[in-house]
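Structural overview
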Amino acid sequence: MAVSASQVARAPVSASSSILRGYRVLRRFPLVPIIVLLVVLIIPAIFADVIAPHDPRRGDLSDRLVPPAWQGETIQLKMVVETINRDNRTNEILVADADRKIKILEGTIIGDEARQSSQVGDQLSILRRPGGSSKYLLGTDKSGSDVFSRIIHGARIALLVSLLAIVLSGVVGVTLGMLAGYFGGLFDALVMRMVDVSLSISIVLVALVLAAVRGPATENVLAVVALLLWSRFARLARGETLALKNLDFVARARVAGASHTRIIIKHIFPNLVNTMIVLATLNIGFVIVLEAGLSFLGAGVPRPNPAWGLMVADGRELITESWWVAFFPGVAILLTVLSFNLLGDWVRDKLDPKQRQI
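Residues numbered from 1 in each chain as written. Predicted model: local features only at pLDDT ≥ 70, side-chain atom pairs only at ≥ 80, totals over all residues. Heavy atoms only, no water.

Our next topic: the overall build of the protein chain. On a plain count of helices and strands, the protein chain comes out with 12 helices and 4 strands. For the protein chain, the proportion of its 358 residues judged to be buried stands at 38%. (Helix = DSSP H or I, 4+ residues; strand = E, 2+ residues; numbered from the N terminus. Buried < 20%, exposed > 50% of the residue type's maximum accessible area, 1.4 Å probe, protein only.)

Let's shift gears to the packing of aromatic side chains. Each pair of aromatic rings is reported with the distance of its centres and the angle of its planes. Considering all chains together, one arrives at 6 aromatic pairs under this definition. For the pair W323 and F327, a centre-to-centre distance of 5.6 Å together with 75° between the ring planes defines the contact as edge-to-face. When its relative accessible area of 42% is taken as the criterion, F327 is described as partly exposed. Ring plane angle 75° and centroid distance 5.3 Å describe the contact between F327 and F328, whose orientation is recorded as edge-to-face. By relative accessible area, F328 is classed as buried at 14%. Three or more aromatic residues joined by ring pairs make a cluster, and in this case those are W70, W323, W324, F327 and F328. For R232, the ring lying beneath its charged end belongs to F286, and the centroid distance is 4.7 Å. (Phe/Tyr/Trp six-rings, centres within 6.5 Å; stacked < 30°, edge-to-face > 60°. Lys NZ or Arg CZ within 6 Å of the ring centre and 35° of its normal.)

Turning next to the packing of helix α10 (residues 260-296) against helix α11 (residues 308-315). The axes of two packed helices give the description: the angle between them and the distance between them. Viewed as axis vectors pointing N to C, α10 and α11 meet at an angle of 45°, and their least axial separation amounts to 7 Å. In terms of orientation, α10 lies oblique with respect to α11. The interaxial crossing formed by α10 with α11 has right-handed handedness. Counted together, A292, S295 and F296 of α10 and G309, L310, V312 and A313 of α11 form the full contact between these two elements. (Axes fitted to C-alpha atoms, helices over the stretch in contact; angles between N-to-C directions. Parallel < 35°, antiparallel > 145°, perpendicular 65-115°, else oblique. Left-handed = near helix turned anticlockwise from the far one by under 90°. Contact = heavy atoms within 4.5 Å.)

Right, let's talk about the confidence of the model for the protein chain for a bit. In the predicted model, the protein chain carries a mean pLDDT of 78, and 75% of its residues have values of at least 70. The weakest mean pLDDT in the protein chain belongs to strand β3 (residues 89-92) at 44; the strongest belongs to helix α5 (residues 147-183) at 91. Low pLDDT, under 50, characterises residues 80-124; the predicted model gives this stretch 54 contacts beyond four residues in sequence or across chains. (pLDDT = per-residue confidence, 0-100.)

Within the structure shown, the criterion is met by 8 salt bridges. Here R150 ties to D141 by a salt bridge, and the two come within 3.7 Å at their closest N and O atoms. Assessed through its relative accessible area of 7%, R150 is described here as buried. Under the relative-accessibility criterion, D141 is labelled buried at 7%. (Salt bridge = Lys/Arg side-chain N within 4 Å of Asp/Glu carboxyl O.)

With that settled, the discussion passes to the environment of D55. Within the fold, D55 resides in the loop between α3 (48-51) and β1 (74-79). Between the alpha carbons of D55 and R150 there is a distance of 8.0 Å; along the sequence they are 95 residues apart. Here the side chain of D55 touches R57 through a polar contact of 3.0 Å, landing on its backbone nitrogen. (Polar contact = N/O pair within 3.5 Å; in protein donor to acceptor, adjacent residues only side chain to side chain.)

Let us now look at the nonpolar core. Within the largest apolar cluster, 63 residues are counted, with the highest numbers of intra-cluster contacts made by L41, I151 and W308. Elements that contribute at least two residues to this core include exactly α2 (31-46), α5, α7 (203-214), α8 (218-244), α9 (248-255), α10, α11 and α12 (324-351). Counting residues per element, this core draws most heavily on α10, at 14 residues. Contact partners of L41, with chain neighbours within four places excluded, come to V36, A155, A158, L159, W308, T336 and F340. With 6 residues, the next largest nonpolar core counts A180, V191, M192 and A234 among its residues. (Core = buried A, V, L, I, M, F, W, Y, C linked by side-chain atoms within 4.5 Å.)

Here the focus is the packing of α5 against α8. Relative orientation of the contacting elements α5 and α8 amounts to 35°, with a least axis distance of 6 Å. As α5 runs across α8, the sense of the crossing is right-handed. Residue classes in the contact of α5 with α8 are distributed as 21 nonpolar, 7 polar and 1 charged. (Nonpolar A, V, L, I, M, F, W, Y, C, P; charged D, E, K, R; others polar.)

Its place among the elements puts S339 in helix α12. Judged by relative accessible area, S339 falls into the buried class, the value being 5%. Taking the C-alpha atoms as reference points, S339 and P33, separated by 306 residues in sequence, lie 4.5 Å from one another. In this view, S339 contacts P33, V36 and L37; residues no more than four positions away in its chain are not counted. Within the structure, the side chain of S339 is placed 2.7 Å from the backbone oxygen of L335, a separation counted as a polar contact.

As structure tokens, then:
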């Protein structure tokens, strides 16, 4: 079958237009936050057992505080002529006594010339720290556990805790808010007073009390987050319900003989979904930060689970010497929360009719 010259000429134009159309479609989505969440949180959380090269709960003490793979060997000098306190009297170790502290570096001992010219306070002791290994991509912590494997499994904990907390608080808050806004009266006043009480409680204090009574547990985090967040969903759902129940389509449903349950489920709740999705998306990052903070304080996820907050807590005392122990979990928290906040802003702009461009 012969192909005309005009068809051949149009083929490249059609291909380029398809590429351009696809680019315009992709540009409507926040690609950077989505990619970051996929790489840092979602894919590691789902495939943690496959991706992680080591067991996150077991370490080798012979490999403790190994630096990241790209960091080379480091050499540190330490004061060997130092001041000591004995019987409330201060004495200085003599230079002659410091000879026994001079260490070997690459098979060569500091010579006699260095010993004879040494003065009090000279840096003579040489500390040699080996470089990183390809076995541990992001190094190890003080128990010899692989930091990379713990971050990957920590993503699973962060995702599960945040999703469970959002779903639990959302179901409770939206249900109570819709019922309070629709029926009003005494039930509405009671729910609003419960919301006021919930907003006035110190969430960290409650978490510390639960940790002292029951010990650190993931259930404590879920209970504390649900106690904090349900009131946000309830207030917003109540306000939306108060506006929706007086609209014409709800009045027509009442005239048609629809029950209260049908009106709430079929007419009011569908109009709340977009608003609740926006609120949930904006609060996922907050829940992750809250879970990490409670774990950091010892009131959240218990050890030896690889929670990001626990990893930061373990590395705070080593930040000057072994910076990678706390740095990489902190970066994971930063990227995840920032991406969720950006994604929440985009969802709000897309689902809120007031933000849409005509």
